[in-house]
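Breakdown of the fold
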Amino acid sequence: MKGKSQEDCHNYIRVMLPTAEGALICGTNAFAPKCREYEGGPGGALLLRRQFDGQAVSPYSPRDNATAVLLRDSNQLLAGTVSDFAGNDPLIYGKRLGTDKSLRTQRDDFKILDAPNFVSSFVHGDYVYFWFRETAAESLENDGERRVYARVGRVCKFDRGGPRAAQDRWSTFLKARLNCSLPADQPVYFNELQSVSEPVEEEDDAVLYAVFSTPESPLRMSAICSFAMSDVRRVFERSAFRGVPRAAAAAATGAARPGACVADSRLLRDVSFILRNPLLQDAIPQRGAPHLVEGTGRAALTQVAVRHAVPSVGSAATYTVLWVGTADGRVLKLVAVNGSSVLVQSAAMFAAPVVNLVATPHRLVAVSGDESAAMFAAPVVNLVATPHRLVAVSGDEVVAVPLHDCGRQTSCAGCLRLRDPFCAWDERQQICTHHHDWDSGSFVQNVAAGFSELCRGEDPFALDDFPALHVQDVQAASASQGRGAFSSTFFSVVVALLVALAVGVLIGYKVAGWRHGPEAHSSGGSSSAGSDYDFGGRARLTRHDSLTAAKLEHVYSPGDAVSLVLTLPAGGTAPVLGSVSAAGSGGATPRLDRSLAAALGATLPRDYKVRKVYL
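Residues numbered from 1 in each chain as written. Predicted model: local features only at pLDDT ≥ 70, side-chain atom pairs only at ≥ 80, totals over all residues. Heavy atoms only, no water.

Points about the overall build of the protein
When you go through the protein residue by residue, the secondary structure sums to 9 helices and 34 strands. Across the 615 residues of the protein, 50% fall into the buried class. Of the roughly 28,500 Å² of accessible surface on the protein, a fraction of 53% belongs to carbon and sulfur atoms. (Helix = DSSP H or I, 4+ residues; strand = E, 2+ residues; numbered from the N terminus. Buried < 20%, exposed > 50% of the residue type's maximum accessible area, 1.4 Å probe, protein only. Areas by Shrake-Rupley, 256 points an atom, 1.4 Å probe, with all protein chains shown as cover.)

Focus: the confidence of the model for the protein
On average, residues of the protein score 76 in pLDDT, and 69% of them are at 70 or above. Contacts of residues 369-375 to residues separated by more than four positions or lying in other chains number 14 contacts, the stretch itself having pLDDT below 50. In the predicted structure, residues 509-575 sits below a pLDDT of 50 and forms 112 contacts with residues beyond four places in sequence or in another chain. (pLDDT = per-residue confidence, 0-100. Contact = heavy atoms within 4.5 Å.)

Looking at the sheet that holds strand S29 (residues 424-426)
With respect to topology, 3 strands assemble into an open sheet ordered S30-S29-S31, the strand pairing being antiparallel. Where the open sheet ends on each side, the last strands, each with one partner, are strand S30 (431-433) and strand S31 (443-444). With 3 bridges connecting them, S29 and S30 associate as antiparallel partners. By the bridge assignment for S30, Asp-426 is matched with Ile-431. (Pairing = 2+ DSSP bridges.)

Here we look at the packing of aromatic side chains
The final tally for this structure, using the stated rule, is 11 aromatic pairs. Judged by centre distance (6.1 Å) and plane angle (70°), the ring pair of Tyr-60 and Phe-85 falls under edge-to-face. Of this pair, Tyr-60 sits in the loop between strand S4 (46-53) and strand S5 (67-71) while Phe-85 sits in the loop between strand S6 (76-82) and strand S7 (90-96), and the two are 25 residues apart along the sequence. Judged by centre distance (5.1 Å) and plane angle (85°), the rings of Phe-241 and Phe-273 are edge-to-face. (Phe/Tyr/Trp six-rings, centres within 6.5 Å; stacked < 30°, edge-to-face > 60°.)

A few points about the pattern of salt bridges
Any two side chains of opposite charge can pair, so long as their charged atoms come close to each other. Applying the stated criterion across every chain yields a total of 20 salt bridges. Among the charged side chains, a salt-bridge network with shared partners connects Glu-134, Glu-138, Arg-151 and Lys-175. (Salt bridge = Lys/Arg side-chain N within 4 Å of Asp/Glu carboxyl O.)

Things to note about the environment of Asn-277
Residue position: Asn-277 is located in the loop between helix H4 (272-276) and strand S19 (292-294). Judged by relative accessible area, which is 15%, Asn-277 ranks as buried. Residues contacting Asn-277, with those up to four places away along its chain left out, are Leu-174, Phe-241 and Val-244.

A short note on the sheet that holds strand S10 (residues 127-136)
Spatially, S9-S10-S11-S12 is the arrangement adopted by the 4 strands of the open sheet, whose pairing is antiparallel. The open sheet has two edge strands, strand S9 (117-124) and strand S12 (174-177), and neither has a second partner. Taking the axes of each pair of neighbouring strands and ignoring which way they run, one obtains an average angle of 25° across the sheet. Inspection of the sheet shows S9 paired to S10 by 7 bridges, in the antiparallel sense. Within the sheet, the bridge partner assigned to Asn-117 lies in S10 and is Arg-133. Docked against the sheet, helix H2 (residues 229-238) engages S9, S10, strand S11 (147-156) and S12, running at close to 75° with respect to S10. (Axes fitted to C-alpha atoms, helices over the stretch in contact; angles between N-to-C directions.)

Thoughts on the state of the cysteines
Scanning the entire structure with this criterion turns up 6 disulfides. With its sulfur 2.1 Å from that of its partner, Cys-26 forms a disulfide with Cys-35. Disulfide Cys-26-Cys-35: torsion about the S-S bond near 115°, hence right-handed. Cys-35 matches Cys-26 in its accessibility class, with the two residues each being buried. Each sulfur in the disulfide pair Cys-415 and Cys-432 lies 2.1 Å from the other. Measuring handedness by torsion sign, the sulfur bridge of Cys-415 and Cys-432 sits at about 70° and is right-handed. With a gap of 17 residues between them, Cys-415 in helix H5 (residues 412-417) and Cys-432 in strand S30 connect regions that are remote in the sequence. Take Cys-415 and Cys-432: they sit in the same class, and that class is buried. (Disulfide = S-S within 2.5 Å.)

Concerning the nonpolar core
Core analysis: the largest hydrophobic core is formed by 38 residues, its most contacted members being Trp-131 and Phe-212. Residues within four places of Phe-212 in sequence aside, it is in contact with Ala-150, Leu-178, Cys-180, Phe-190, Glu-192, Leu-193, Gln-194, Met-221, Ser-222, Ala-223, Cys-225 and Phe-227. Grouped together as the second largest cluster of nonpolar side chains are 35 residues, Val-337, Ala-378, Leu-403 and Cys-406 included. (Core = buried A, V, L, I, M, F, W, Y, C linked by side-chain atoms within 4.5 Å.)

Some remarks on H2
Where H2 is concerned, the buried positions are Met-229, Val-232, Val-235 and Phe-236. Viewed end-on, H2 has its buried residues packed into an arc of 125°, placing them on one side of the element. In this structure, the buried side of H2 is in contact with S9, S10, S11, S12, strand S17 (205-213) and strand S18 (222-228). (Arc of directions from axis to C-beta.)

Observations concerning the side chain of Ser-346
You can see Ser-346 is positioned in strand S23 (residues 340-348). A distance of 3.0 Å separates a polar atom in the side chain of Ser-346 from a polar atom in the side chain of Arg-330. (Polar contact = N/O pair within 3.5 Å; in protein donor to acceptor, adjacent residues only side chain to side chain.)

Topic: the pairing of strand S21 (residues 318-326)
For S21, a buried count of 8 out of 9 residues is recorded, marking the element as mostly surrounded by other parts of the structure. As consecutive antiparallel partners, strand S20 (residues 301-311) and S21 are separated by 6 residues, and within that stretch Gly-314 has a phi angle of approximately 70°, a positive value. Looking at chain direction, S21 and strand S22 (residues 330-337) are connected through 5 bridges and run antiparallel. Residue Val-321 lies in a different strand from S22, and its bridge partner there is Val-335.

Examining the environment of Pro-199
Position of Pro-199 among the secondary structure elements: in the loop between strand S15 (192-196) and strand S16 (200-202). The spacing of Pro-199 and Phe-227 is 28 residues in sequence and 9.0 Å in space, taken between C-alpha atoms.

Regarding empty space enclosed by the protein
The full count for this structure, using the stated rule, is 3 cavities of 30 Å³ or more. Quantified by volume, the largest cavity comes out at close to 60 Å³. Along the walls of the largest cavity sit Arg-104, Thr-105, Gln-106, Ile-112, Arg-169, Trp-170, Ser-171, Thr-172, Phe-173, Ile-274 and Leu-275, which together make up its complete lining. (1 Å grid on protein atoms, 1.4 Å probe; cavity = no way out; pocket = protein on both sides within 12 Å on 5 of 7 lines; lining within 4 Å. Points joined across faces, edges and corners; volume = space filled by probe spheres on them.)

Details of the pairing of S11
Counting buried positions along S11 yields 8 of 10 residues, so the element is predominantly enclosed. Bridging between S10 and S11 involves 10 bridges; their strand directions are antiparallel. What sits directly across from Tyr-127, in S11, is Cys-156. Two strands pair when backbone bridges link them, and S11 and S12 are joined in this way by 4 bridges, in the antiparallel orientation.

What follows is the structure in structure tokens.
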């Protein structure tokens, strides 16, 4: 392709969806998008069934992204991407495979879509939801500056187009803003959506988790927020339309709610109102405070994968587990416990930044970046959690690892301190292990507290054999159990030193006085072996101080940056990751073994290239 680099002229896969017979795969095809349908053949092979034009399903350039879903019952493909060579025509597109009938959002209308970056899409109920970020015209009303906002758009999966002139356009497309923020007098808004999970069932409602960030700047922050699908539906069904009084909207649309599914959208009286006013007034609220916030100076969060209803030992309680990819090639594992999020593990997945992350039922898979970033950790660009593996993807690699890492713990206390519902201490075999069910055997587990009296003769916070990979776990357990283990010890040491200093000054003053008096020449002036002060009145560390210092040295391994985690109380603020470091470590960062194959979703990031696959 003239004017394009050789690197960009490869075929970059942008859509990969399972079908009833096999798979649908679409790619850039050197700036000439193509789609192919495959069906299963002998020995599990995929045989080409047919090929068709991929315009409006896959972008022309690998620099643009795409997301897509396939409705198997109607054989309809819906995609969000750009449809032209220059990337200036963003759209949400729908096409019934094998026919020429298609629908799209209105062209060249910034009210509909304004430079969107599509992140994800899925079907829920009667609607298809598209998650993206775009330039927001309404931001001009606040401070006169155009900003990027996180959005969710929705179309009815039974939409057949509007009447007459609108027969090739969606008659149900609406969109709303997503609110992920830190509550305060002046809230901190995370406006740029980066990743969205599939909804999972929690407490009689479907909940999704998403990664957000603030705009690119030296003070950039990122966060994980969750949203209830009941709140999403409520906003789409009841919110006013932005800039339109309710009375005017009712007069223009009649009794029918714009954007709602109807038996035959071609029979609607008029769809001009929804084409002019697709944006809703209300923002979709987050569910509580953010689950995790990464502060400035730390790697941004990039991807999220979720496993829900993970069973625990000896009770009906289940837990939701999150895996979060970062821009420096790590995957964080968190567990939702009593309204807060506990950091269970931080694992390095790539030698360069990770750009993809996937959680399977047993492993975590991560993917990293291109050769130019080899000197840095590769960001995770895709992340998938399957029933047995977590798959992470970066620009260069695909890594699959188990969903749990119980075997690293060699003691009962260390196993419980993980607070990982996948892990429990086997009292018979004396190992930290994982089972698909906990019905038979004798196991010790306490995800809520992180310790148990059944770990006989063990200090629940002893860290002698605690692997560096899980230092964050100890921080999380300490913070959640009264948040006082470290703070109390530190406070006690400080108070003791201050008292010792005061007493030392007083004794020194007295000793100095005695030296000038007659008594000073006749007395020995020595200190006893059990005293906490030397001859000159200077304070010494007692054995208790030494033990405290030794324990803190295990918590903060010398020279390594250690995450500080604060768990989130009900109605409180979000946990924020900061860092503490000490000089002179020289220790290597632990890494997980690379294994297995990748599991890719239908939404791929920009510049997505995979050069290595570890099997």
